[in-house]
Amino acid sequence: MLSETDRQFFKPFWRRVVATLTCAVWASIEWLYDEPMWASFAVLLTVYCVWNFFYRFEDDTDENNSSQ
């Protein structure tokens with residue numbers, strides 16, 4: 001669960017994309033160098049980012065646009 005300060009920081013879409021892609025690239029590099037423990041950790045972190053930043057993220061812009 002994201003705190004209010006985390007939600008404010010990750011409100012711009014590009015920050016959520018960059019954070020998620022960074023974790024995915026990290027996982028790929030760890031698999032490439034045959035480090036399964038760190039690769040698994042990075043994959044789990046990537047899944048966490050996708051879940052919180054794209055699936056469950058509550059963006060206020062939809063509410064603001066519908067009220068205008």
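Residues numbered from 1 in each chain as written. Predicted model: local features only at pLDDT ≥ 70, side-chain atom pairs only at ≥ 80, totals over all residues. Heavy atoms only, no water.

J.: Go over the overall build of the protein with me, naming the residues and quoting the values.
T.: Along the protein, the regular secondary structure elements total 4 helices and 0 strands. Reading the secondary structure of the protein in the N-to-C direction produces α-α-α-α. Expressed as a percentage of its 68 residues, the buried residues of the protein come to 21%. Of the contacts formed within the protein by residues at least 6 apart in sequence, a portion of 59% connects residues at least 24 apart. (Helix = DSSP H or I, 4+ residues; strand = E, 2+ residues; numbered from the N terminus. Buried < 20%, exposed > 50% of the residue type's maximum accessible area, 1.4 Å probe, protein only. Contact = heavy atoms within 4.5 Å.)

J.: For unusual backbone geometry, give the residues involved together with the corresponding values.
T.: Not every positive phi belongs to a glycine, and aspartate 34 is a case in point at roughly 55°. In this structure, aspartate 34 sits in the loop between helix H2 (13-32) and helix H3 (36-55).

J.: Could you give an account of a nonpolar patch on the surface, naming the residues involved and the relevant values?
T.: There is a patch of nonpolar side chains on the surface, built from Val25, Ile29, Leu32 and Tyr33 and spanning about 450 Å² of accessible area. You can see valine 25 is positioned in helix H2. Assessed through its relative accessible area of 47%, valine 25 is described here as partly exposed. (Patch = residues over 30% accessible without salt bridge, like charges linked within 9 Å, V, L, I, M, F, W, Y side chains within 5 Å. Areas by Shrake-Rupley, 256 points an atom, 1.4 Å probe, with all protein chains shown as cover. Salt bridge = Lys/Arg side-chain N within 4 Å of Asp/Glu carboxyl O.)

J.: Describe the side chain of threonine 20, and please don't skip the residues or the numbers.
T.: For threonine 20, the position within the fold is in helix H2. If near-sequence neighbours (up to four positions away) are discounted, threonine 20 is found in contact with Thr46, Cys49, Val50, Phe53 and Phe54.

J.: Can you tell me about the confidence of the model for the protein, naming the residues and giving the values?
T.: Here the protein averages 87 in pLDDT, and 87% of its residues register 70 or above. Per-element confidence in the protein is highest for H2, whose mean pLDDT is 96, and lowest for helix H4 (residues 61-66), whose mean pLDDT is 52. (pLDDT = per-residue confidence, 0-100.)

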